[in-house]
There are 2 protein chains.
Amino acid sequence: MNKVKDYIEQNRELFLSQLIDFLKFPSISSRSEHKEDVRNCANWLANHIKSLGAENVNVFETEGHPIVYAEYLHNENAPTVLVYGHYDVQPVDPLDLWNSNPFEPIVKDNKIFARGTSDDKGQLFIHLKAFETVLNTIGTFPINIKFIFEGEEEAGSNHLDEFIEQNSKLLECDTVLISDTEWFDFGLPSICYALRGIAFVEIKVKGPNRDLHSGSYGGTVDNPAEVLAYLISRLKDRYGRITIPGFYDKVLELTTEEREEFARLPFNEKNYCQSIGVKQTYGENGFSVLERTWARPTLEINGIYGGYTGEGAKTIIPSEASAKISMRLVPNQVAKEILDLFSRYIREIAPPTVDIEIKPLHGGNPVMTPIDTIWMRKAKEALRIAFGVEPVFIREGGSIPVCETFQRVLGASPVLIGFGLPTDNIHSPNENFSLDNFFGGINAIANYYLLLNEK
Amino acid sequence: MNKVKDYIEQNRELFLSQLIDFLKFPSISSRSEHKEDVRNCANWLANHIKSLGAENVNVFETEGHPIVYAEYLHNENAPTVLVYGHYDVQPVDPLDLWNSNPFEPIVKDNKIFARGTSDDKGQLFIHLKAFETVLNTIGTFPINIKFIFEGEEEAGSNHLDEFIEQNSKLLECDTVLISDTEWFDFGLPSICYALRGIAFVEIKVKGPNRDLHSGSYGGTVDNPAEVLAYLISRLKDRYGRITIPGFYDKVLELTTEEREEFARLPFNEKNYCQSIGVKQTYGENGFSVLERTWARPTLEINGIYGGYTGEGAKTIIPSEASAKISMRLVPNQVAKEILDLFSRYIREIAPPTVDIEIKPLHGGNPVMTPIDTIWMRKAKEALRIAFGVEPVFIREGGSIPVCETFQRVLGASPVLIGFGLPTDNIHSPNENFSLDNFFGGINAIANYYLLLNEK
């Protein structure tokens, strides 16, 4: 296994320059003007995988962005690992808060800065470099491996489920391996065993047929922005508990063991508040911050807009107002059911003075993986080898909806070995990825591939 | 007086082409990128007035946009009228809802379409053409006239009060004449005797120091957009009554006579709703639509924004969220006091999880003019001559804050003879002005100038 480490060491500069090429594509999947960039990124990725020696490399068309597939299957008796990642990225606004161009990667303080470095191009790339490392150091690949990289994760993975369902034979595997999560803390490699699901919805309140002069009409018609504010104000009580009837019905309560384990983790609420610049935390009464993040559902306004938002004053009653709202779900909530509950409740409390449009944008169910499997044990071992410390099992507040699809369609539970750090600023300006975790990650994953062939 | 009518008839095309030149300046006072356009418009206006024979024409600098002044004082014993108007205009967004370029005026269906046609360039121009008409038909001007045209009305008239206070000698007059209001209905010339005031404020709710991933942080920190919605939801009760303590304390109640007169006006609530595309009206219980528009204060959200507002999904907790809020005031509310009450209340109900910034943008007190004066009686007569029907006295829901300044500093009450129509779409896309009211307005004002010299 020293050969693995040496190979990575010798190829540091090359790996980094390849990653930089990969990061330069502005593959923002939720913006239609970047459609070609997403495609170009997919093609680059496919060519790169091919150049490493992977076989059956394909760029599959979908109704949205392409899916890149590749495989290397030369050990009939060894297990098959399906590696999933996504090459698309979040939008970059507000652009003026970035210290460098989000698509001109720069290395600084042993980190690489660009949109997608941590979420998820950098983490995806770890697997390709681990594959290359193993193949080039031992001359063959000890297990069977399949790669599936999608281009729509940040836009709701709208065509991935269908692709997996239609290609379940191609994707057949014993386990799914994903690096799209982060460590609990610096120096604390973490394996994630549960993810929250998501239900994302856009709501539009429509009033008058045009913006009205608030002098001439103020006081006589209902104001869509005010109705929207009213509706939002009725989604939670003042203690942060969601007030949509039935919302908590299927929530799987935390076990005593889980609560104890979470409480043991090195979490400092004061530092947490400082790092994000808030005076205090806020949320559902009776649960700790980690419990609320990992194992309790939430509802968040992601964006709100209506009327005049430019410089200075424009005294109007806006014709309409909108909000983007996401709900994070926990086992055993079901995204579709939650979206229905949400819509029914909004329609019930909306006043008759306006029209309401509710547009579900996407949903993904929460997921939970058993931790007493060979996949989990070997993962722990690989991380211990690469980073020299005992990894922890954690949950994660974010969503990777495809995990639930893999479980359902392929019968394979995902092993979530992420290499992100809490300071990576994913989804925010100045996203970055630790180079120690990038190269250490390659080492860990290469070792994992080797370990999985041991019985 | 037939000579007046003839002169206007003979110069229709010329007057119109001059008005078009005036409208072409995108003099949007609230947008800093149009600073030069506002100045160019002021210069054009000054040159035009000079060309008509007015004297002492000046473009006065202010810390904001220029003020154009001119006068014609040749009858020591005649009364002096101060004509006020504004040459700046509202912003034009949403631009895609305009059927033609807002600064390329077009004539269609006997109306002229462009930003500022009705509010207020077209109405301002009526006075210049009336001045020209009288001067050119009778060879002299029978009363004394002063013109003051400002360029910041749509941005809060921030420097006008100071100018009036510092130039009270220059502006000395017996009455103030303003055309910046509209007729109650088609074919119903109207004189306005009361205007609402305004208090405009921007409020910003600040949470985390950056946008946070709603997966990783959802459920643990307060969401500025939700706090903003909560604050807004507590500004009115469900019956449309404002809940800010003390807000109604100084409101002058309507007299029985006023309520009866309002009830006699041809107002059709069904048509009203249809014209603005709402299912029903909404507002303070116990008052009619006209009473609410003209004589009751209101509070309106003019704009709301925060977080991700682009296409598709971006799952963040926004770092901050803002709203622009205007309150329309009635006699005897005082803008400054209302702003104080607003700020105090918001700070009182804001949760400790966020920081609140409250920025008062501008304020103007409400105004009311006695209707039993010579100025009002002659105004009625002039309108009767020009339009052949009996005018009505009305109020107006909008604000012309300078009216209160004229009353306070010059001791002269404003006579508000507006020529707008309810279909003018002021402050909205496709603003327009009736050519019948434009030319009829010139005739009415020319007659008013002539009548004011009769004892």
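Scoring rules and cut-offs
- Residues numbered from 1 in each chain as written.
- Chains lettered and ligands numbered in written order.
- Predicted model: local features only at pLDDT ≥ 70, side-chain atom pairs only at ≥ 80, totals over all residues.
- Least-squares fit on C-alpha atoms with pLDDT ≥ 70 in both.
- Contact = placed C-beta atoms within 7 Å.
- Pairing = 2+ DSSP bridges.
- Helix = DSSP H or I, 4+ residues; strand = E, 2+ residues; numbered from the N terminus.
- Axes fitted to C-alpha atoms, helices over the stretch in contact; angles between N-to-C directions.
- Buried ≥ 20, exposed ≤ 12 C-beta atoms within 10 Å, placed from the backbone.
- Nonpolar A, V, L, I, M, F, W, Y, C, P; charged D, E, K, R; others polar.
- pLDDT = per-residue confidence, 0-100.

Asker: Explain the relation of the copies chain A and chain B to me, please; I cannot follow it from the model alone.
Answerer: Note that the two copies of the chain are related through a rotation about an axis and a translation along the same axis. In the superposition of chain A on chain B (RMSD 0.1 Å, axial shift 0.0 Å), the rotation amounts to 180°. Taken together, the turn and the small shift mark the pair as related by a two-fold rotation axis. Of the residues that chain A buries at the interface, 99% are likewise interface residues in chain B, meaning the two copies contact each other through the same surface.

Asker: What is the right way to look at the sheet that holds strand S13 (residues 320-329) of chain B in this model?
Answerer: Across a sheet, strands are paired by hydrogen bonds formed along the backbone, either parallel or antiparallel in direction. Ordered by their spatial adjacency, eight strands build an open sheet running S14(A)-S9(A)-S13(A)-S11(A)-S11(B)-S13(B)-S9(B)-S14(B), and the pairing between neighbours is antiparallel. Taken across any chain shown, the strands that pair with only one partner, and hence form the sheet edges, are strand S14 (355-364) of chain A together with strand S14 (355-364) of chain B. Ignoring strand direction, the axes of neighbouring strands in this sheet form an average angle of 20°. Pairing analysis gives eight bridges linking strand S11 (residues 298-307) of chain B to S13(B), with the strands arranged antiparallel. Paired with Ile301(B) across the bridge in S13(B) is Ile325(B). Across the sheet, helix H11 (residues 335-349) of chain B is in contact with strand S9 (197-206), S13 and S14 of chain B; its angle to S14(B) comes to roughly 165°.

Asker: Honestly, unusual backbone geometry in this entry has me stumped. Any pointers?
Answerer: Where the residue is not glycine, phi is negative for most of them; where a peptide bond is considered, it is trans in most cases. Residues and elements named next belong to chain A. Residue Asp120 follows Asp119 across a cis peptide bond; omega there is 5°. Here Asp120 is to be found in the loop between strand S5 (111-113) and helix H4 (121-138). Phi is positive for Asn110, close to 60°, though the residue is something other than glycine. Note that Asn110 resides in the loop between strand S4 (106-108) and S5. One non-glycine residue, His427, adopts positive backbone phi at about 70°. When you line up the elements, His427 lands in the loop between strand S17 (414-417) and strand S18 (432-434).

Asker: Would you take a moment to explain the pairing of strand S9 (residues 197-206) of chain A for this structure?
Answerer: Remember that side chains alternate between the two faces of the sheet whenever the strand is regular. All names here are of chain A. In terms of residue burial, S9 counts as a mostly covered element, since seven of its ten residues are buried. In this sheet, strand S13 (residues 320-329) lies alongside S9 in antiparallel orientation, the contact comprising ten bridges. Paired with Ile203 across the bridge in S13 is Ala323. In the sheet, S9 pairs with S14 via nine bridges, with the strands oriented antiparallel. Bridge assignment links Lys204 to a residue of S14, and that residue is Glu357.

Asker: Help me out: how do you make sense of the sheet that holds S4(A) in this one?
Answerer: Residues and elements named next belong to chain A. The antiparallel open sheet is built from three strands, whose spatial order is S4-S5-S18. Among the strands making up the open sheet, the edge pair consists of S4 and S18. Pairs of neighbouring strands in the sheet enclose a mean axial angle of 25°, with direction left out of account. Of the pairings in the sheet, the one linking S4 to S5 comprises three bridges and is antiparallel in character. Counterpart to Val107 in the pairing with S5 is Ile112. Helix-sheet contacts for helix H15 (residues 435-451) involve S5 and S18, and the interaxial angle to S18 is about 60°.

Asker: What should I look at first to understand the environment of Ile301(B) in this one?
Answerer: Looking at the element boundaries, Ile301(B) is found in strand S11. Once the C-alpha coordinates of Ile301(B) and Lys380(B) are considered, the two residues, 79 residues apart in sequence, prove to be 37 Å apart. Leaving out residues up to four positions away in the same chain, Ile301(B) has contacts with Asn223(A), Ala225(A), Glu226(A), Gly307(A), Ile232(B), Ala323(B) and Ile325(B).

Asker: Mind showing me how you'd approach the interface of chain A and chain B here?
Answerer: Accessible area lost during the coming together of the parts is what is often quoted as the interface size. Each partner contributes to the interface: chain A provides 81 residues, whereas chain B provides 80 residues. Elements with a minimum of two residues in the side of chain A that touches chain B: strand S10 (212-213), helix H7 (214-217), helix H8 (224-233), helix H11 (289-295), strand S11 (298-307), strand S12 (316-317), S13 and S14 of chain A. Among the elements that take part in the side of chain A that touches chain B, S11(A) stands out by supplying nine residues, more than any other. Residue composition of the side of chain A that touches chain B, by class: 27 nonpolar, 37 polar and 17 charged.

Asker: Would you mind showing me how to read the confidence of the model for chain A here?
Answerer: If pLDDT is low for a region, its predicted coordinates should not be looked at in detail. Averaged over every residue, the pLDDT of chain A is 95; residues scoring 70 or more account for 100%. Predicted complex metrics record ipTM = 0.77 and pTM = 0.77.

Asker: Explain the environment of Asp211(B) to me, please; I cannot follow it from the model alone.
Answerer: Mapped onto the secondary structure, Asp211(B) falls in the loop between S9 and strand S10 (212-213). Once the C-alpha coordinates of Asp211(B) and Thr369(B) are considered, the two residues, 158 residues apart in sequence, prove to be 51 Å apart. In this view, Asp211(B) contacts His427(A), Ser428(A), Gly307(B), Ile316(B), Ile317(B), Pro318(B) and Ser319(B); residues no more than four positions away in its chain are not counted.

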